Amino acid sequence: MTDRLIEPLHPVARELRPPEGGLRSYPPVERWDGWEEYDPVAWPQKVKRRYSLIPTICFNCEAGCGLLAYVDQATLKIQKFEGNPVHPGSRGRNCAKGPATLNQVTDPERILYPLRRVGPRGGGKWERVTWDQALDDIAGRIRAALVEGRQKEVMYHLGRPGHELVYLQRVFHAWGIDGHNSHTNVCSASARAGYAFWHGMDRPSPDHANARFILLLSSHLETGHYFNPHAQRIMEAKSRGAKVAVLDTRLSNTASMADWWLAPWPGSESAVLLAIAHVLVREKLYDRDFVRRWVNWDEYLRAERPELPVTFEAFDQALDELYARFTPEFAEAESGVAASTIVEVAWEIGRAGSALATHVWRNTAAGNLGGWQVARALELVVVLMGAVGTPGGTAPNAWNKAIPAPPMMPPPGKIWSELLMPREYPLAFFEMSFLLPHFLKEGRGKLAMYFTRVYNPVWTNPDGMSWIEMLTDERKVERHACLTPVWSETAWFADYVLPMGHASERHDLMSQETHAARWIGFRQPVLRVALERRGRTYDLTWQAHEAAGLGQVWEEDEFWIELSWRIDPDGPLGIRKYFESPYRAGQKLRIEELY
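Below is a summary of the structure that appears in this document. If you're wondering where the values come from, they're calculated on a predicted model, not measured in any experiment. Numbers given to residues run from 1 along each chain, matching the order in which its sequence is written. In keeping with the model being predicted, local features are shown solely for residues with a pLDDT of at least 70 and side-chain atom pairs are shown and tallied solely at 80 or more, while totals for entire chains, interfaces and linings include all residues. Computation of side-chain values: all heavy atoms of the structure, hydrogens and water removed.

### Focus on unusual backbone geometry
Phase 1: Here the residue pair Trp-43 and Pro-44 is connected by a cis peptide bond, since its omega of 15° sits within 30 degrees of zero.
Phase 2: Topologically, Pro-44 is positioned in the loop between β1 (35-38) and β2 (48-57).
Phase 3: In the Ramachandran plot, Arg-91 falls in the positive-phi region, its phi being about 55° despite a non-glycine side chain.
Phase 4: With respect to the helices and strands, the residue Arg-91 is situated in the loop between β4 (78-83) and α1 (101-105).
Phase 5: With phi around 45°, Val-454 is a residue other than glycine that occupies positive phi space.
Phase 6: Strands are runs of DSSP state E lasting at least 2 residues, helices are runs of H or I lasting at least 4, and numbering of each runs from the N terminus. Among the secondary structure elements, Val-454 is positioned in the loop between β15 (449-453) and α15 (457-460).
Phase 7: Here Val-454 falls in the partly exposed class, since its relative accessible area comes to 35%. Categorising residues by exposure relies on relative accessible area from a 1.4 Å probe, with only protein chains included: less than 20% of the type maximum marks a residue as buried, more than 50% marks it as exposed, and the intermediate range marks it as partly exposed.

Spelled out as structure tokens, the structure:
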């Protein structure tokens with residue numbers, strides 16, 4: 001077969017000379033301040049537009065991929081969002097949700113000003129108020145609760161923080177409360193527990209790019225955790241010959257592209273993993289030297305097999321006996337996955353050695369009783385292969401995550417709220433947040449001030465009516481402020497709906513364990529940055545947004561500084577000192593000083 005010249009899509013292209021220096025995938029960094037492109041809407045006329053390209057970070061999943069906002073220098077409007085080529089995690093590539101940030105910014109139904117309820121909760125009537133009015137009311141209620149010793153009545157309940165949790169720890173430590181609640185126990189707590197019981201760190205960080213075998217559980221790349229950074233590196237590994245197995249009840253797009261799709265009955269995944277471990281041990285495919293050096297096998301023998309000598313050879317025998325009953329045939333009966341397929345996958349894992357990259361999230365871990373054992377069994381396979389923190393292996397997440405210590409970190413308050421971690425659930429791995437309306441109904445306490453942030457329990461929790469009952473009872477929840485960019489079923493039952501920014505409208509630090517490297521990125525409000533580059537400075541982000549025609553959309557980082565200052569304006573509660581500028585004595589901390 002002879003090569004032939006590919007015909008251009010448009011005849012005019014035949015006459016075009018190749019650009020000097022060739023084509024570029026992305027605008028070079030040195031030209032970001034004055035990038036020129038033809039206006040696509042003006043085609044076929046060649047109308048040049050000049051843009052400032054301002055980096056920020058996506059907020060539409062937890063991967064924290066980099067974005068470049070194209071801000072039109074003539075109109076100060078955002079034209080589009082594209083990938084940031086120097087972002088270490090995403091490397092300039094984004095899924096559809098990244099560029100869709102523009103749809104969120106320009107959404108005609110988004111909330112642009114602070115709103116206060118008029119009439120009964122859930123009645124749907126609102127009035128516009130100023131930020132000062134909202135802050136003064138909220139701060140007064142929190143201050144009264146703190147002064148009167150009711151610290152447990154202040155609670156912040158979030159879905160996705162969007163920034164490192166250490167920022168909020170700093171705020172709540174300063175207030176002296178145990179008030180951080182999260183959705184994690186209806187999300188990822190089970191998977192986290194399985195990992196944490198192994199090594200104290202609660203997520204995996206697989207080095208997919210250098211793996212020889214990749215095993216994914218409930219990690220569908222188009223919808224799962226860190227899917228864009230993971231997907232591109234999995235494809236790199238596949239192009240170099242790596243094999244992929246997907247253990248997932250449903251035929252996801254990822255499973256359809258895998259070398260093996262194992263479709264177990266829901267909740268039986270741990271049986272398959274234990275059978276893989278059985279084969280690795282029985283056939284001596286596991287890394288005996290790694291296990292001897294890093295696993296506390298001697299403690300196991302003393303505690304569980306005192307009749308055996310404390311030698312690794314005795315442990316090898318004990319390990320084989322321990323997993324003897326978890327045969328591939330046992331796993332087939334439990335899961336429906338053919339024993340021959342389990343054996344085949346186990347041998348491939350054995351051949352991969354320490355270059356075994358694995359990941360599990362939600363679904364099997366969160367959707368089944370005892371789901372934490374799935375993550376625990378998966379990490380057993382990783383440990384047996386000595387694939388912990390190796391090239392192509394699976395590291396604990398903290399190895400590949402950067403969390404800088406915040407300035408002026410207060411000590412934690414000596415408060416324990418049983419609305420978050422009740423005594424009857426001593427093994428709960430995260431806050432028992434889904435029980436909050438039931439605890440309040442039982443009379444275990446009340447909330448003087450309740451914040452919700454990117455959290456919609458009325459819709460997402462299985463007992464939404466219980467949450468409506470709680471949120472409409474002003475004896476149980478005296479004030480509810482919903483920090484949100486958009487309307488939700490939960491916002492409908494708030495006293496204040498406070499507009500917070502999308503990905504391109506806020507300051508945050510972001511670092512995620514997306515691959516075998518440690519990186520940190522900075523999210524910033526791009527329109528404020530664009531205005532400041534023109535010499536127009538603002539004390540607060542909502543003021544910059546108002547000047548740019550975006551209403552009074554604010555950001556959490558500044559909101560918490562301002563609220564904390566108003567809770568303790570003169571300093572007797574010991575809060576104010578943590579929000580004073582280290583550079584301007586006695587003055588309020590500014591966001592640029594914090595970062």
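### Quick word on the sheet that holds β4
Phase 1: Pairs of strands are assigned from DSSP output, requiring at least two bridges between the strands. Sheet architecture is open: four strands sit in the order β1-β2-β3-β4, paired in antiparallel fashion. At either end of the open sheet lies a strand with only one pairing partner, and these are β1 and β4. Between one strand axis and the next, the sheet turns by 40° as a mean value, whatever way the strands run.
Phase 2: Residue contacts are defined here by distance: any two heavy atoms, one from each residue, within 4.5 Å place the two residues in contact. Axis lines are fitted through C-alpha atoms, for helices just across the contact stretch, and the angle between N-to-C directions can take any value from 0 to 180 degrees. Each of β2, β3 (66-72) and β4 is contacted by helix α17 (residues 526-533), which is oriented at about 125° to β2, the strand it contacts most.

### Here's the deal with the sheet that holds strand β11 (residues 243-247)
Paired through their backbone hydrogen bonds, the strands of a sheet run either parallel or antiparallel.
Phase 1: Spatially, β12-β11-β10-β13 is the arrangement adopted by the four strands of the open sheet, whose pairing is parallel. Whereas interior strands pair on both sides, the edge strands pair on one side only; in this sheet they are β12 (260-262) and β13 (356-360). Geometrically, the sheet is characterised by an average inter-axis angle of 10° between neighbouring strands, direction not taken into account.
Phase 2: Summarising the sheet, strand β10 (residues 213-217) and β11 pair through five bridges and their orientation is parallel. Bridge assignment links Ile-214 to a residue of β11, and that residue is Val-244.

### Points about the side chain of Thr-364
Phase 1: Along the chain, Thr-364 turns up in the loop between β13 and α13 (372-384).
Phase 2: Taking the relative accessible area as the measure of exposure, Thr-364 reaches 1% and is therefore buried.

### A few points about the nonpolar core
Phase 1: Phe-213, Ile-276 and Ile-349 are the most contacted members of the largest nonpolar core, which has 52 residues in total.
Phase 2: Ignoring anything within four residues of it in the chain, the contact list for Ile-276 reads Ile-342, Val-345, Ala-346, Ile-349 and Val-381.
Phase 3: Among buried residues, the Ala, Val, Leu, Ile, Met, Phe, Trp, Tyr and Cys ones that are joined through side-chain atoms within 4.5 Å form a nonpolar core. Core analysis: the next-biggest nonpolar cluster, separate from the first, contains 42 residues, Ile-138, Met-500, Trp-554 and Phe-579 among them.

### Some points on the packing of aromatic side chains
Two descriptors summarise a pair of aromatic rings, namely the distance from one centre to the other and the angle between the planes of the rings.
Phase 1: Stacked, tilted and edge-to-face are the three classes assigned to paired rings of Phe, Tyr and Trp, where Trp is represented by its six-membered ring and a pair needs centres within 6.5 Å; plane angles under 30 degrees give stacked, over 60 edge-to-face, the rest tilted. Taken as a whole and judged by the stated rule, the model has 28 aromatic pairs.
Phase 2: For the pair Trp-175 and Trp-560, a centre-to-centre distance of 5.9 Å together with 65° between the ring planes defines the contact as edge-to-face. Remark: Trp-560 occurs in helix α19 (residues 556-567) and Trp-175 occurs in helix α3 (residues 165-175); sequence separation between them is 385 residues.
Phase 3: Given the relative accessible area of 4%, Trp-175 is considered buried.
Phase 4: For the ring pair Phe-213 and Trp-260, a centre distance of 5.8 Å and an interplane angle of 40° mean the geometry is tilted. Taken as a pair, Phe-213 in strand β10 and Trp-260 in strand β12 lie far apart in primary sequence, 47 residues in all.

### A closer look at the environment of Arg-534
Phase 1: Position of Arg-534 among the secondary structure elements: in the loop between α17 and α18 (541-547).
Phase 2: By relative accessible area, which is 45% here, Arg-534 ends up partly exposed.
Phase 3: A C-alpha to C-alpha distance of 9.8 Å links Arg-534 and Gln-73, two positions 461 residues apart in sequence.

### Considerations on the packing of helix α7 (residues 269-282) against helix α11 (residues 328-335)
Phase 1: Interaxial distance between α7 and α11 falls to 8 Å at its minimum, and their mutual angle equals 170°. Accordingly, the angle class assigned to the pair α7 and α11 is roughly antiparallel. Counting all contacts with α7, which are made through Ala-271, Val-272, Ala-275, His-278 and Val-279, the residues of α11 involved are Pro-328, Phe-330, Ala-331, Glu-334 and Ser-335.
Phase 2: Classes in brief: Ala, Val, Leu, Ile, Met, Phe, Trp, Tyr, Cys and Pro nonpolar; Asp, Glu, Lys and Arg charged; the others, Gly included, polar. Taken together, the residues of the contact of α7 with α11 break down into seven nonpolar, two polar and one charged. Between 65 and 115 degrees an angle is taken as roughly perpendicular, under 35 as roughly parallel, over 145 as roughly antiparallel, and anywhere else as oblique.

### Observations concerning helix α16 (residues 464-471)
An α-helical segment advances 3.6 residues per turn. Residues three or four places apart therefore align on the same side.
Phase 1: For α16, every residue scored as buried is listed here: Gly-464, Trp-467, Met-470 and Leu-471. The buried side chains of α16 occupy one side of the element, clustering within an arc of 115° when seen end-on.
Phase 2: Close packing links the buried residues of α16 with β7 (154-158), α14 (436-441), β15, α15 and β16 (480-484). The arc refers to the directions leading from the helix axis to the C-beta atoms.

### A look at the pairing of β4
Phase 1: With five bridges connecting them, β3 and β4 associate as antiparallel partners. Along β4, the bridge assignment pairs Ala-69 with Phe-81.
Phase 2: Connecting β3 to the antiparallel partner β4 that follows it, the hairpin turn spans five residues, and Leu-76 within it adopts a positive phi of roughly 60°.

### Some words on the pattern of salt bridges
Close approach of charged atoms allows side chains with opposite charge to pair.
Phase 1: Whenever Lys or Arg places a side-chain nitrogen within 4 Å of a carboxyl oxygen from Asp or Glu, that contact is recorded as a salt bridge. Summed over all chains, the structure comprises 53 salt bridges.
Phase 2: Residues Asp-289 and Arg-293 are paired through a salt bridge, measuring 3.2 Å at the closest nitrogen-oxygen approach. Of this pair, Asp-289 and Arg-293 both sit in helix α8 (residues 288-294), separated by four residues, roughly a single helical turn.
Phase 3: Arg-293 gets classed as partly exposed once you look at its relative accessible area, which sits at 49%.
Phase 4: Glu-478 is paired through a salt bridge with Lys-446; the nearest N and O atoms lie 2.7 Å apart. You can see Glu-478 sitting in the loop between α16 and β16 and its partner Lys-446 sitting in the loop between α14 and β15, a full 32 residues away along the chain.
Phase 5: Looking at Glu-478, the relative accessible area reads 24%, which means it is partly exposed.

Any link to function would need more than the numbers given here.
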